[in-house]
Amino acid sequence: MTTIDRNRNPLAPVGRQTTETTQKTGTAANTVKAETAKTVKQGGDAFDSTPVRQAKVSLLGLGGSKPSDKVYDGQLVGAGGKTFPPGTSLSDIPGVTPRNNPNPTKTVIYVNGIMTNKDGQSSDLQAIADKTGAKAIGIHNSTEGFVTDLAQCVKDKLDKGSNPAVDTLADTLYTELKAGHDVSLMGYSQGGLITARALFDVQARLRIEDGMSKGDVEKLMGKLQVETFGAASTKYPDGPQYVHYVNNRDAVPTLTGLGGSIDPLAFLKDAGKGAVVHRFSDGGLNIIGNHSLQDMYLKHRVPFDQARANHF
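Computed from a predicted structure; not experimentally measured.

(A) Region of interest: the pairing of strand β6 (residues 224-229). Counted residue by residue, β6 has six buried out of six residues, so it is predominantly covered. A two-sided burial pattern is seen for β6, the buried positions comprising Leu224, Val226 and Thr228 on one face and Gln225, Glu227 and Phe229 on the other. By the bridge criterion, six bridges tie strand β5 (residues 183-188) to β6 in an arrangement that is parallel. Note on β6: the bridge partner recorded for glycine 187 is threonine 228.

(B) The arrangement of the nonpolar core in detail. Ranked by size, the top nonpolar core spans 34 residues in total, and within it Leu169, Leu173, Leu206, Met221 and Leu224 carry the most contacts. Those elements that provide at least two residues to this core are β3 (107-111), β4 (135-139), α5 (164-178), β5, α6 (190-208), α7 (214-221) and β6. Sort the elements by how many residues they give to this core and α5 lands first, with seven residues. Excluding residues that lie within four positions of it along the chain, leucine 173 makes contacts with Val183, Leu185, Leu199, Val202 and Leu224. Among the nonpolar cores identified, the runner-up in size contains 24 residues, and Tyr110, Ala127, Ala129 and Val243 belong to it.

(C) A look at empty space enclosed by the protein. Going through the model one piece at a time under the given rule, you end up with one cavity of 30 Å³ or more. Of the volumes computed, that of the largest cavity is approximately 40 Å³. If you trace the largest cavity, you find it lined by Thr228, Ala231, Ser233, Tyr236, His244, Tyr245, Val246, Pro253, Gly257 and Leu258. With three residues, the single largest contributor to the lining of the largest cavity is strand β7 (residues 241-247). Its residues assigned to classes, the lining of the largest cavity shows six nonpolar, four polar and no charged.

(D) Layout of the pattern of salt bridges. All told, the structure shown has 13 salt bridges when counted by the stated rule. Between arginine 197 and aspartate 159 there is a salt bridge whose closest N-O contact spans 2.7 Å. Here aspartate 159 lies in the loop between α4 (146-158) and α5 and arginine 197 lies in helix α6, a separation of 38 residues in the sequence. Exposure remark for arginine 197: the relative accessible area of 9% places this residue in the buried category. Judged by relative accessible area, aspartate 159 falls into the partly exposed class, the value being 46%. One network of salt bridges, with partners in common, ties together Lys70, Asp73 and Glu144.

(E) The arrangement of the packing of aromatic side chains in detail. This structure, assessed with the given rule, holds five aromatic pairs. Taking the centre distance of 5.9 Å and the plane angle of 90° together, the rings of tyrosine 245 and phenylalanine 312 count as edge-to-face. With tyrosine 245 in strand β7 and phenylalanine 312 in the segment after α11 (304-308), the pair connects residues that are 67 residues apart, well separated along the chain. We classify tyrosine 245 as buried; its relative accessible area is 0%. Judged by relative accessible area, which is 37%, phenylalanine 312 ranks as partly exposed. Centroid distance phenylalanine 280 to tyrosine 297: 5.7 Å. Interplanar angle 75°. Geometry classified as edge-to-face. Placement of phenylalanine 280 in strand β8 (residues 276-280) and of tyrosine 297 in helix α10 (residues 293-300) is noted, with a sequence separation of 17 residues between them. Of the two residues, phenylalanine 280 and tyrosine 297, both sit in the buried class. Taken together, Phe229, Tyr245, Phe280, Tyr297 and Phe312 form an aromatic cluster joined through their ring pairs. Here arginine 205 stacks its cationic end above the ring of tyrosine 174, 3.7 Å away from the centre of that ring.

Criteria and cut-off values
- Each chain carries its own residue numbering, running from 1 in the direction its sequence is written.
- Note on the predicted model: pLDDT of at least 70 is required for a residue's local features to be given, and 80 or more for side-chain atom pairs to be given and counted; whole-chain, interface and lining totals, by contrast, use all residues.
- The basis for every side-chain value is the complete set of heavy atoms in the structure, and neither hydrogens nor water enter the calculation.
- Each residue is assigned to one of three classes by its accessible area relative to the maximum for its type, calculated with a 1.4 Å probe on protein chains only: buried under 20%, partly exposed between the two thresholds, exposed over 50%.
- Elements are defined by DSSP. Helices are runs of H or I of four residues or more, strands are runs of E of two residues or more, and each kind is numbered from the N terminus.
- By the convention used here, strands pair only if DSSP detects at least 2 bridges between them.
- We define a nonpolar core as any set of buried Ala, Val, Leu, Ile, Met, Phe, Trp, Tyr and Cys residues linked to one another through side-chain atoms lying within 4.5 Å.
- What makes two residues a contact is simply this: any of their non-hydrogen atoms within 4.5 Å.
- Points on a 1 Å grid, built from protein atoms alone, make a cavity when a 1.4 Å probe fits but cannot get out and make a pocket when they are open with protein on both sides within 12 Å along at least 5 of 7 lines; residues with an atom within 4 Å of a point are the lining residues.
- Grid points are joined across faces, edges and corners, and a volume is the space filled by probe spheres set on the points.
- Gly falls in the polar group here, along with every residue not listed as nonpolar (Ala, Val, Leu, Ile, Met, Phe, Trp, Tyr, Cys, Pro) or charged (Asp, Glu, Lys, Arg).
- By convention in these notes, a salt bridge is any Lys or Arg side-chain nitrogen within 4 Å of a carboxyl oxygen on Asp or Glu.
- In this analysis, rings of Phe, Tyr and Trp, with Trp reduced to its six-membered ring, are considered paired at centre separations within 6.5 Å, and the interplanar angle assigns stacked below 30 degrees, edge-to-face beyond 60, and tilted for intermediate values.
- Only when the NZ atom of a Lys or the CZ atom of an Arg is both within 6 Å of the ring centre and within 35 degrees of the ring normal do we say a charge sits over the ring.

In structure tokens, the structure reads:
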């Protein structure tokens, strides 16, 4: 950012120094634009869209006219980044389809992590559709900046306060289960934490509102196929069919989630009855790459039935 010289005569002619400063500012703006475009293309959470980068964009006034990502909080996201209000039937949402199959028979719901705007989630949805061969629909976990997002994670862990993404996911799962539908679900980073919280909400609703027994609730929730990647949750309710992916070199799940291969606090954690936890070690000192959904976790993901059989 150029510093204003308040002692300079505003009527003085523009010299070489002013011209060079303007050129440098333009170059910096173009650089930030390129970096921002790369981040949106890759998707991801805090590690793919750092506060420093966002600060550069803010200071240079780029994207200031765009609406806050908060307006999409808890919205369902379909093809082309189009959003739909909570309560919209999954069958009414044109999801993101695999590039090689415009008419998939299966649908997967995906919840993103922190520091990911709607465009970033759309990029993830395309990667998921291509990897799974399914239609992908998002439930958007909006971003308000690193500090605010992190504070929301703490509240989610404590099951305190409201989170629109949790509410939308819980209502969607409850509706689908009551209709007798099978549901495939993916949660990444904070999205895994949101997934766990929503599943506990569904469990409680079935027990309290519908008066179902514990066994009947577990049986009904067995229609849910749940995959988490680098998730920040340490506990999941019994019933759903789980596959949890944990990179031993990823600080998010090893420090705030189910833990790595060596975890002295493992006895305090619950991956859910019958869960498959696939721990692997990949990556180096780059914490960004080690946590990446598209470049790391989806690379290790295998078809759900194969994963449930522990064949990785």
